[in-house]
Each structure stands twice: as C-alpha cells, then as structure tokens.
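Structural overview
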Amino acid sequence: EATDAAGWMEFRRELRRARRHARPLTIVRIPRPAHDPDHHASAAADIRALGLKLRLTDRWWADDESIYLMLPESDRAAALPVLDRMADAHAAARTNARMAMFPDDGLTSGALIAAVHGPTVERTPTPIRVTADVPLFVEDELALGDAQSSV
C-alpha cells in the first residue's frame, strides 16, 4: 500500500532524475470527496483499483483529500490515455483530475504540486515529511558532494 510520505519522496527522487536526463514527468491529482463516511477504506480501494491501470514505473499514493499519480517519462499526451483507462475504476479520474508536467508547468516539486492544486488551495502539501518512521534520502548529500568536487 502506497503511503503519503513514501509517495512524495519517490516523486522528489523521480523529479531529480527527470531534471538530470531532461525527460518529462507528469503528476496528476484526483480529488477525493471529503464527505465519504468510510474515507480511509475507500482510499485504499481506489488506490488498488487505479494501480491496476498503471505501468510498473508509475506510482500512486493518497492523502486525506487526494489521490496522486506520478507518471515518469510521460508528457500530457501520454497521461491522458492513463486517465481514460482509469475512468471505469474511478469516475472522477478524467473529469476532476488536474495534471502538471515537468518542465512545462514547473521546475520544482513545489511548483508542480501548486499547479495540481490550483489557485484556490489554502495549503500546499509539503513533498517531504520528516517522521521517525521515514528517513530522509541521503542522495541529496551525495549529489551535492559530487557537484562540489567536480567544480
């Protein structure tokens, strides 16, 4: 089962890879109804159903308000058929989904997240949440060390 923190960390890692190799990356947000009485159970069911429609390289996770899809190596043209395949598993997937593509819609994780939440969002989710259960990736330190030593 995909967790919120693991999903955001994977998104951040994939965004770094997309930058390095100048490849597209699309993130999709599908809003979930907040009035659902069995909110958490339906989120898990949605994720399982949607996961069957994705490629092995794609990732998905949910928080209390949204389902997120990360589609590496995919531009908008490649993301639209994914949403079409999901329409039978999640009715709102095609009509309510918002997508943002690196690099066209943003160069940073914050810009892409803000793009999928739109201008009405009061609080943009933080892509990295430091908790006792989920350590930070050390890759950032290695990448910075490599960049400094090559200069």
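Source: prediction; values computed, not measured. Residue positions are given per chain, counting from 1 as you read along its sequence in written order. With the structure being a predicted model, the display of local features is reserved for residues of pLDDT at least 70 and the display and counting of side-chain atom pairs for 80 or more, all residues being used for whole-chain, interface and lining totals. For the side-chain quantities, the full set of heavy atoms in the structure was used; hydrogens and water were omitted.

1. Structural notes on the nonpolar core
Just so we agree on the cut-off: Here, nonpolar core refers to any group of buried Ala, Val, Leu, Ile, Met, Phe, Trp, Tyr and Cys residues whose side-chain atoms link them within 4.5 Å. The buried label goes to any residue with under 20% of its type's maximum accessible area, the exposed label to any with over 50%, and the partly exposed label to all in between, with areas taken from a 1.4 Å probe on protein chains only. In this description a helix means any DSSP run of H or I spanning at least four residues, a strand means any run of E spanning at least two, and both kinds are numbered starting from the N terminus.
Within the largest apolar cluster, 14 residues are counted, with the highest numbers of intra-cluster contacts made by W8, F11, L25, I27, W61 and L112. Elements that contribute at least two residues to this core include exactly α1 (4–21), β1 (25–31), β3 (66–72), β4 (98–102) and α5 (109–117). The greatest single-element share of this core, amounting to 4 residues, is contributed by α1. V28, L71, M86 and M99 belong to the second-largest nonpolar core, a separate cluster that totals 12 residues.

2. Comments concerning the pattern of salt bridges
The test is simple: By salt bridge we mean one thing: a side-chain nitrogen of Lys or Arg within 4 Å of a carboxyl oxygen of Asp or Glu.
Under the counting rule described, the total for this entry stands at 5 salt bridges. Note that E14 and R17 form a salt bridge whose closest N and O atoms lie 2.5 Å from each other. Taken together, the positions of E14 and R17, both in helix α1 and 3 residues apart, correspond to about one turn of that helix. The residue E73 makes a salt bridge to R23 at a minimum N-O spacing of 2.7 Å. Here the residue E73 occupies a position in the loop between β3 and α3 (76–86), and R23 occupies one in the loop between α1 and β1, the gap between them amounting to 50 residues. With relative accessibility at 32%, the residue E73 sits in the partly exposed group. Through salt bridges with shared partners, one network takes in E14, R17, R23 and E73.

3. Considerations on the packing of α1 against α5
What counts here: Note on definitions: angles span 0 to 180 degrees between N-to-C directions of axes, and those axes are lines fitted to C-alpha atoms, for helices only across the stretch in contact. Crossings are sorted by hand: turned counterclockwise from the far helix by less than a right angle, the near helix makes the crossing left-handed, and turned clockwise it makes it right-handed. The contact criterion used throughout is that any non-hydrogen atoms of two residues lie within 4.5 Å. Residues are grouped as follows: Ala, Val, Leu, Ile, Met, Phe, Trp, Tyr, Cys and Pro are nonpolar; Asp, Glu, Lys and Arg are charged; all remaining types, including Gly, are polar.
In the contact formed by α1 and α5, the axes pass within 11 Å of each other and the chain directions differ by 115°. Between α1 and α5 lies a crossing whose hand is right-handed. Where α1 abuts α5, its residues W8, F11, L15 and R19 lie against S109, L112 and I113. Split by residue class, the contact of α1 with α5 holds 5 nonpolar, 1 polar and 1 charged.

4. A look at the packing of aromatic side chains
Two descriptors summarise a pair of aromatic rings, namely the distance from one centre to the other and the angle between the planes of the rings. Our working definition: Stacked, tilted and edge-to-face are the three classes assigned to paired rings of Phe, Tyr and Trp, where Trp is represented by its six-membered ring and a pair needs centres within 6.5 Å; plane angles under 30 degrees give stacked, over 60 edge-to-face, the rest tilted.
All chains considered together, the criterion is met by 4 aromatic pairs. Aromatic pair W8 and W61: ring centres 5.1 Å apart, planes at 75°, arrangement edge-to-face. Highlighted residues: W8 in helix α1 and W61 in strand β2 (residues 59–62), separated in sequence by 53 residues. For the pair W8 and W61, a shared accessibility class is recorded, and that class is buried. Clustering of aromatic rings is evident, with ring pairs tying together W8, F11, W61 and Y68.

Scope: geometric values only; no functional claims are made or implied.
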